[in-house]
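Read off the chains here:
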Amino acid sequence: MILIVDNTVRKFRVSVREKLHSLCIPCAVSHLDYIDILFPATFCAVTERYLYEDTVFMSRMHSRTPVKVIEESPTFVEEVLEHYNVFHEAMVEKAKERYITFSERGLLYYGKYISLTKTEKRIINLLVDSKDYVIWEKVSGYCLKDPKVSKGTVAVHISNINKKTIAATGREIIECRRYEGYKLN
């Protein structure tokens, strides 16, 4: 969620909130008195410099949310989105590290141990290291050690991994997208 702190009552606040909501990005626009109930947030933008110190103090008390001063301008929404995307990507990477770890028993996913075969571990390792979708040819060449393996064989391995994680946690670990490949959820 994006938290925007602005102490003046203006149409600007409403228009910024509407623009961000139209982009399906959760946000809240508030003045300084009520921001303590809106934490934790992914990113906090402050419209006036004099609000910065108090906002940073509240951020440190709750969740160490990054705070930036972004002056009111026609490009305000674009600047907010740029900073939000940087912090959001960093949070996603931290979440991957926290929720997906390997142990001797297999995969630790959301606190549940899932036993995997060697091939399944290699597939998960490949997907953890990549930030974008991985095509099935790369999965077959890297994980199955045979680039001539059919697309169906790769799909079976991915399906087995997803079945195991759904049974243990109720969540799929790998997202499959036609013509793009596979990616961790």
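Everything that follows concerns the structure shown earlier in this document.
Now for a description of the structure that goes with this document. (Residues numbered from 1 in each chain as written. Predicted model: local features only at pLDDT ≥ 70, side-chain atom pairs only at ≥ 80, totals over all residues. Heavy atoms only, no water.)

**Digging into the overall build of the protein chain**
Part 1: From N to C terminus, the protein chain includes six helices and nine strands.
Part 2: Out of the 185 residues in the protein chain, the part that is buried amounts to 37%.
Part 3: Of the accessible surface of the protein chain, which amounts to about 11,200 Å², a share of 53% is contributed by carbon and sulfur atoms. (Helix = DSSP H or I, 4+ residues; strand = E, 2+ residues; numbered from the N terminus. Buried < 20%, exposed > 50% of the residue type's maximum accessible area, 1.4 Å probe, protein only. Areas by Shrake-Rupley, 256 points an atom, 1.4 Å probe, with all protein chains shown as cover.)

**Describing the pairing of strand β3 (residues 43-46)**
Part 1: Here β3 shows two buried faces, one formed by Phe43 and Ala45 and the other by Cys44 and Val46.
Part 2: Summarising the sheet, strand β1 (residues 2-5) and β3 pair through four bridges and their orientation is parallel. Each bridged residue has a counterpart across the sheet, and for Ile4 the counterpart in β3 is Ala45.
Part 3: Bridging between β3 and strand β4 (residues 67-69) involves three bridges; their strand directions are parallel. By the bridge assignment, Cys44 is partnered in β4 with Val67. (Pairing = 2+ DSSP bridges.)

**A word on helix α1 (residues 11-22)**
Part 1: With twelve residues, α1 extends 16 Å from end C-alpha to end C-alpha; this agrees with the ideal 16 Å at 1.5 Å per step.
Part 2: Buried within α1 we find Phe12, Arg13, Val16 and Leu20. End-on view of α1: buried residues confined to an arc of 100°, all on one side of the axis. Opposite the buried face of α1, at more than 90 degrees from it, the exposed residues are Lys11, Glu18 and Ser22.
Part 3: Where α1 terminates, the next one or two residues include Cys24, which has phi positive at roughly 65°. (Expected span 1.5 Å × (residues − 1). Arc of directions from axis to C-beta.)

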